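A look at the structure
Residue strings, one per chain:
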Amino acid sequence: MICLVLGIFAGLFQSAFSGASERTFVAIKPDGVQRHLVGEIIRRFERKGLQLVGLKLLQASEELLKEHYIALRDRPFYSRLVKYMSSGPVVAMVWQGLDVVKTVRTMIGETNPADSRPGTIRGDFCVEVSKNVIHGSDSVESARQEISLWFR
Ligand code: DAT
Ligand code: MG
C-alpha cells in the first residue's frame, strides 16, 4: 500500500517537474477545417507522441477572437484576421507533452507559409499568410491564457 502511494506520488512528481505536463493551445482555422485537414493534423501530433487532452469544434465569436489576437490589435490586418477566423468553424484543442509549446510551433512552421519548410504543416498545406491553416501558442504563458480563454 505504502509502495503504491509512493509510486503514484513519484509519477505525479515526475510529470510535474519533467515538463511532460506542459500544455499548449492549438486551433485549426476555418480554411483548415473546410479543406478537411483536421484528421491529418491530429495524426501528425499523435504520431509525434503528444497527448490530446481537449478538443471542440466551434464557431468562435468576434469577441473571443479579438481577445485571442489582442496583441495584434494595432496591426493593419487585425480586423480582417478576426473576420476570417469567425467565418466558419474552428477546431480548438489542447495538447500535452514534454516541451509541447516549442514542438508544436516547430511542427507548424513559420507564420508565412512561404518561409515554412516542407514537412511542416504550413510548409505542406498552404501558401497564404492570411490562410495559414493552424494556430499554436507561442509561449507557455500565452498557452495558459489561451487555454483559459477557449476552454472556460
Ligand atoms: P503565428 O500565427 O505564426 O503565431 P502571429 O501571431 O504573428 O503569427 O499572427 C497571427 C496570425 O495573423 C497569423 O497566423 C496570420 C495573421 N497574420 C500575421 N501576419 C500577417 C500579415 N502580414 N498579413 C496578413 N495576416 C497576417
Ligand atoms: Mg501568434
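An account of the accompanying structure is given in this report. Computed from a prediction, not measured in an experiment: that's the story for all the values here.

This part takes up helix α6 (residues 100–108). All buried positions along α6 are accounted for by Val100, Val101, Thr103, Val104, Met107 and Ile108. Buried residues along α6 sit against β1 (23–28), α3 (38–48), β3 (90–96), α7 (121–125), β4 (134–136) and α8 (140–150). The positive-phi residue at the C-terminal boundary of α6 is glycine 109, with phi of around 100°.

Most of β1 is tucked away: five of the six residues are buried. Examined bridge by bridge, β1 and β3 share six bridges and lie antiparallel to one another. By the bridge assignment, isoleucine 28 is partnered in β3 with valine 91. Note that β1 and β4 share three bridges and pair antiparallel. Residue pairing in the sheet places alanine 27 in a bridge with histidine 135 of β4.

This part is about the packing of α3 against α6. Between α3 and α6, whose axes approach to 12 Å, the crossing angle comes to 135°. Of the possible angle classes, the one that applies to α3 and α6 is oblique. The element α3 and its partner α6 pack so that their crossing is right-handed. Residue-level inspection shows Arg44, Phe45 and Lys48 of α3 in contact with α6, the latter providing Thr103, Val104 and Met107. Looking at side-chain class alone, the contact of α3 with α6 contains three nonpolar, one polar and two charged residues.

Attention now goes to the site of ligand 1. Taken together, Lys29, Tyr69, Leu72, Phe77, Leu81, Arg105, Thr111, Arg122, Val129 and Asn132 make up the full set of residues near ligand 1. Within the side chain of lysine 29, one N or O atom sits 3.0 Å away from an oxygen atom of ligand 1. The separation between an oxygen atom of ligand 1 and a polar side-chain atom of arginine 122 is 3.0 Å. One can see that ligand 1 is located within the largest pocket. For the shell around ligand 1, the per-class residue count stands at five nonpolar, two polar and three charged.

Procedures and definitions
- Sequence order as written defines residue numbering, which begins from 1 separately in each chain.
- All chains are assigned letters beginning at A, and all ligands numbers beginning at 1, according to the order in which they are written.
- Reporting of local features is limited, given that this is a predicted model, to residues whose pLDDT is at least 70; pairs of side-chain atoms are given and counted only at 80 or more, and all residues count toward the totals for whole chains, interfaces and linings.
- Heavy atoms throughout the structure, all of them, feed into the side-chain values; hydrogens and water do not.
- Buried, partly exposed and exposed residues are distinguished by accessible area as a fraction of the type maximum, computed with a 1.4 Å probe on protein chains only: under 20%, between the cut-offs, and over 50%, respectively.
- Going along the chain from the N terminus, every DSSP run of H or I of four or more residues is numbered as a helix, and every run of E of two or more is numbered as a strand.
- Whether two residues are in contact is decided by their heavy atoms, any of which lying within 4.5 Å being enough.
- The pairing criterion is simple: DSSP has to find at least two bridges between the two strands.
- Between the N-to-C directions of two axes lies an angle of 0 to 180 degrees, each axis being a line fitted to C-alpha atoms and, for a helix, fitted only over the stretch in contact.
- Here is the rule for angles: anything less than 35 degrees is roughly parallel, anything more than 145 is roughly antiparallel, 65 through 115 is roughly perpendicular, and the remaining ranges are oblique.
- Two helices crossing with the near one rotated counterclockwise from the far one by less than a right angle form a left-handed crossing, whereas a clockwise rotation gives a right-handed crossing.
- Under this grouping Gly is polar, as are all residues other than the nonpolar Ala, Val, Leu, Ile, Met, Phe, Trp, Tyr, Cys and Pro and the charged Asp, Glu, Lys and Arg.
- The near set for a molecule or strand comprises every residue that places at least one heavy atom within 4 Å of it.
- Within 3.5 Å is the distance limit for a polar contact, defined as a pair of N or O atoms, with the added protein rule that one can donate a hydrogen and the other accept it, and that residues adjacent in sequence qualify only through two side-chain atoms.
- Within this scheme a cavity is a closed region of a 1 Å grid, computed over the protein atoms alone, that accommodates a 1.4 Å probe without allowing it to escape, whereas a pocket is open but has protein on both sides within 12 Å along at least five of seven lines; lining residues each have an atom within 4 Å of a point.
- Pocket occupancy is defined atom-wise: a molecule lies in a cavity or pocket when more than half of its atoms are within 2 Å of its grid points.

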